Amino acid sequence: LKLPSRNERVLNLVCDKLNETIGMWQPRTFVVSTAVLYFGKPDSDQAIGTVPLYEITKIRTAEDKQAKEKEDKVTQADLTRKESFFRRGQNAALPSQVFEVCTELEGYNS
């Protein structure tokens, strides 16, 4: 699957995605069209992952997540989603520079 053409992109940036299997950050192209979030390798026009936008339930910074967890108990919604973590820049150590994309647990990308 190819990434959308430049004129079909709403957002296009390179950031790091946490590979939770190996516990390492990996550079990824992050492309948003009007209907899909795509992930690819930085120097490739091929998508290695997609998420339909309608399955994204929340996007927040790690800083927002930490503050909310201090205030609230875990809700049922927190148990029914899959999370992916991204960061802007390799030296992004601050929670405000790391963000989380939450999707439906049993969705297309599961």
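No experiment lies behind these values; they were computed from the predicted model shown.

Calculation rules
All chains use their own residue numbering, which begins from 1 and follows the written sequence. Predicted model: local features are reported for residues with pLDDT of at least 70 only, side-chain atom pairs are reported and counted for 80 or more only, and whole-chain, interface and lining totals are derived from all residues. Excluded from the side-chain calculation are hydrogens and water; included are all heavy atoms of the structure. Each helix is a run of H or I in the DSSP string that is no shorter than four residues. Each strand is a run of E no shorter than two, and both are numbered from the N terminus. Relative accessibility decides the category of a residue: with a 1.4 Å probe and only protein chains considered, values under 20% of the type maximum give buried, values over 50% give exposed, and everything between is partly exposed. In this description, contact between two residues means that some pair of their heavy atoms is separated by no more than 4.5 Å. Here the Shrake-Rupley method, with its probe set to 1.4 Å, supplies the accessible areas, and only the displayed protein chains count as covering residues. Here a strand pair is declared whenever DSSP counts at least two bridges between the two strands. Every case where a carboxyl oxygen of Asp or Glu lies within 4 Å of a side-chain nitrogen of Lys or Arg is listed as a salt bridge. The set of buried Ala, Val, Leu, Ile, Met, Phe, Trp, Tyr and Cys residues whose side-chain atoms join them within 4.5 Å is what this entry labels a nonpolar core.

## Quick notes on the overall build of the protein
And step 1. The helix and strand inventory of the protein stands at 1 helix and 7 strands.
And step 2. Listing the helices and strands of the protein from first to last along the sequence gives β-β-β-β-β-α-β-β.
And step 3. Looking at the protein as a whole, 36% of its 110 residues qualify as buried.
And step 4. Long-range contacts, defined here as pairs at least 24 residues apart, represent 46% of the contacts in the protein between residues at least 6 apart.
And step 5. Summing over all exposed atoms, the protein offers an accessible surface of approximately 7200 Å²; the carbon and sulfur share of this is 52%.

## Considering the pairing of strand β4 (residues 47–52)
And step 1. Most of β4 sits out of view: 5 of its 6 residues are buried.
And step 2. Where strand β3 (residues 36–40) meets β4, 5 bridges bridge the pair, whose relative direction is antiparallel. Paired with Phe-39 across the strands is Gly-49, a residue of β4.
And step 3. What sits between β3 and β4 in their antiparallel hairpin is a turn of 6 residues.

## Comments concerning the pattern of salt bridges
And step 1. Going through the model one piece at a time under the given rule, you end up with 2 salt bridges.
And step 2. Between Lys-2 and Asp-45 there is a salt bridge whose closest N-O contact spans 3.2 Å. Of this pair, Lys-2 sits in the segment before β1 (11–19) while Asp-45 sits in the loop between β3 and β4, and the two are 43 residues apart along the sequence.
And step 3. Of the residues examined, Lys-2 reaches a relative accessible area of 53% and is grouped as exposed.
And step 4. The shortest N-O distance in the salt bridge between Glu-100 and Arg-60 comes to 2.6 Å. Here Glu-100, found in strand β7 (residues 98–104), pairs with Arg-60, found in strand β5 (residues 56–61); they are 40 residues apart in sequence, far enough to count as distant. We note that Glu-100, like Arg-60, is buried.

## Overview of the environment of Pro-27
And step 1. Of note, Pro-27 is situated in strand β2 (residues 24–32).
And step 2. As a C-alpha pair, Pro-27 and Lys-41 span 14 residues in sequence and 6.8 Å in three-dimensional space.

## Details of the nonpolar core
And step 1. Within the largest apolar cluster, 11 residues are counted, these being Leu-13, Cys-15, Phe-30, Val-32, Leu-37, Phe-39, Val-51, Ile-56, Phe-86, Phe-99 and Val-101.
And step 2. When residues of this core are traced back to their parent elements, those giving at least two are β1, β2, β3 and β7.
And step 3. The contacts of Val-32, once residues within four sequence positions are left out, are Glu-8, Arg-9, Val-10, Leu-11, Leu-37 and Leu-53.
And step 4. Leu-3, Val-31, Tyr-38 and Ala-47 belong to the second-largest nonpolar core, a separate cluster that totals 5 residues.

Take it as geometry only, folks, not as evidence of what the structure does.
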